[in-house]
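Remarks on the overall topology
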Amino acid sequence: MLRKFAILSVTLITLAGLSFAADDDETPTGKIMEQIQNKTNALRKATRTKADFAKSTKVITTDTEAVVKLAKEAREIKEPAEKEKKPLAAYQKLMDDMIKSAEDLSKLANKSGSTQIQAKEAFTAYTKTCAACHEVFKKDE
Ligand code: HEC
């Protein structure tokens, strides 16, 4: 009986978790941002140490490509600008800054002779473009 109860409560907790994940009120931009976040975490790892960077050219190339693609989708979504009552062009400019910084990181990784220090700097410049947009367009809801 006790065992049955234990199984039942685990099932209920699992179900509660699933419905929580399913009915979140995530926006299209939020969904894209989560994917950008995942790629950014991978890019952080890829540039963390000399050894990481030495074996990560391919990861950096594919992940920055993925970020650029996602960012190009996100820049066409009007809601964030509308919500902040700011011009869409301002939003798109900040997205373009991010796209450019991702491309810079990729170029650097694919250039022979680039160092991990340079890659780390390029990664930091890239994450600054996230913050620059969030400051204006992702105020805490
Ligand atoms: C041009 C604007 C812009 C840029 C650049 C940008 N973001 Fe965002 N981000 C947003 C907006 C707007 C939201 C809020 C979306 C919402 O909840 O509707 C957001 C939300 C997020 C979230 C929360 C997602 C969620 O669960 O709702 C994460 C994580 C995130 N961004 C990561 C990043 C990272 C990492 C970068 C840089 C590599 C980045 N963002 C660059 C505009 C931007």
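Residues numbered from 1 in each chain as written. Predicted model: local features only at pLDDT ≥ 70, side-chain atom pairs only at ≥ 80, totals over all residues. Heavy atoms only, no water.

Description of unusual backbone geometry
Peptide bonds are, in most cases, trans, and in most cases residues other than glycine have a negative phi. In the Ramachandran plot, Lys 85 falls in the positive-phi region, its phi being about 55° despite a non-glycine side chain. The class of Lys 85 is exposed, set by a relative accessible area of 76%. (Buried < 20%, exposed > 50% of the residue type's maximum accessible area, 1.4 Å probe, protein only.)

A few points about the nonpolar core
Grouped together as the largest cluster of nonpolar side chains are 28 residues, with contacts concentrated most on Ile 60, Met 98 and Tyr 126. For this core, the secondary-structure elements that each account for two or more residues are α2 (28-46), α4 (57-74), α6 (88-109) and α7 (116-137). Counting residues per element, this core draws most heavily on α6, which supplies nine residues. Excluding residues within four positions of it along the chain, Tyr 126 makes contact with Ile 36, Thr 40, Leu 43, Val 67, Met 98, Ser 101 and Ala 102. (Core = buried A, V, L, I, M, F, W, Y, C linked by side-chain atoms within 4.5 Å. Helix = DSSP H or I, 4+ residues; strand = E, 2+ residues; numbered from the N terminus. Contact = heavy atoms within 4.5 Å.)

Here we look at the site of the ligand
Residues in contact with the ligand amount to 22 residues; listed here are only the nearest, Thr 27, Met 33, Cys 130, Cys 133 and His 134. Here an oxygen atom of the ligand sits 3.3 Å away from a polar atom, N or O, in the side chain of Glu 26. Measuring from a nitrogen atom of the ligand, one finds a side-chain N or O atom of His 134 at 2.8 Å. Those elements that provide at least two residues to the shell around the ligand are α2, α6 and α7. (Near = heavy atom within 4 Å. Polar contact = N/O pair within 3.5 Å; in protein donor to acceptor, adjacent residues only side chain to side chain.)

Considerations on the coordination of the iron atom of the ligand
All of the protein donors around the iron atom of the ligand are Met 33 (SD) and His 134 (NE2); their distances to the metal are 2.0 to 2.3 Å. One can describe the site at the iron atom of the ligand as octahedral: its six donor atoms subtend angles covering 85 to 179° at the metal. Taken together, the residues Met 33 in helix α2 and His 134 in helix α7 connect sequence positions 101 residues apart. What makes Met 33 partly exposed here is its relative accessible area of 24%. (Donors = N, O, S within 2.8 Å, 3.2 Å for Na, K, Ca; no water. Tetrahedral: all angles 85-135°; square planar, octahedral: opposite > 155°, others 65-115°.)

Quick notes on α7
Helix length check: α7, at 22 residues, gives a terminal C-alpha distance of 32 Å against a target of 32 Å (1.5 Å per residue), a fit within 8%. Burial in α7 covers these residues: Gln 116, Ala 119, Ala 122, Phe 123, Tyr 126, Thr 129, Cys 130, Cys 133 and Phe 137. One side of α7 carries all its buried residues, which in axial view fall inside an arc of 130°. Projecting away from the buried face of α7 at angles above 90 degrees are the exposed residues Ile 117, Glu 121, Lys 128 and Glu 135. Against α2, α3 (50-54), α4, α5 (79-84) and α6 lie the buried residues of α7. (Expected span 1.5 Å × (residues − 1). Arc of directions from axis to C-beta.)

Section: the side chain of Thr 64
Looking at where Thr 64 falls in the secondary structure, it is placed in helix α4. Residue class for Thr 64 comes out buried when judged on its relative accessible area of 2%. Once residues within four sequence positions are removed from consideration, Thr 64 is found in contact with Leu 43, Ala 102, Leu 105 and Ser 106.

Section: the side chain of Arg 75
Summarising the element assignment, Arg 75 is placed in the loop between α4 and α5. Sequence-distant contacts of Arg 75, defined by excluding residues within four places in its chain, comprise Leu 88, Tyr 91, Gln 92, Met 95, Asp 96 and Ile 99.

Remarks on the pattern of salt bridges
Inspection of every chain in the model, using the stated rule, returns five salt bridges. With a closest N to O distance of 3.9 Å, Lys 39 and Asp 63 form a salt bridge. Placement of Lys 39 in helix α2 and of Asp 63 in helix α4 is noted, with a sequence separation of 24 residues between them. Judged by relative accessible area, which is 29%, Lys 39 ranks as partly exposed. (Salt bridge = Lys/Arg side-chain N within 4 Å of Asp/Glu carboxyl O.)

In short, the description is geometric, and any link to function would need to be established separately.
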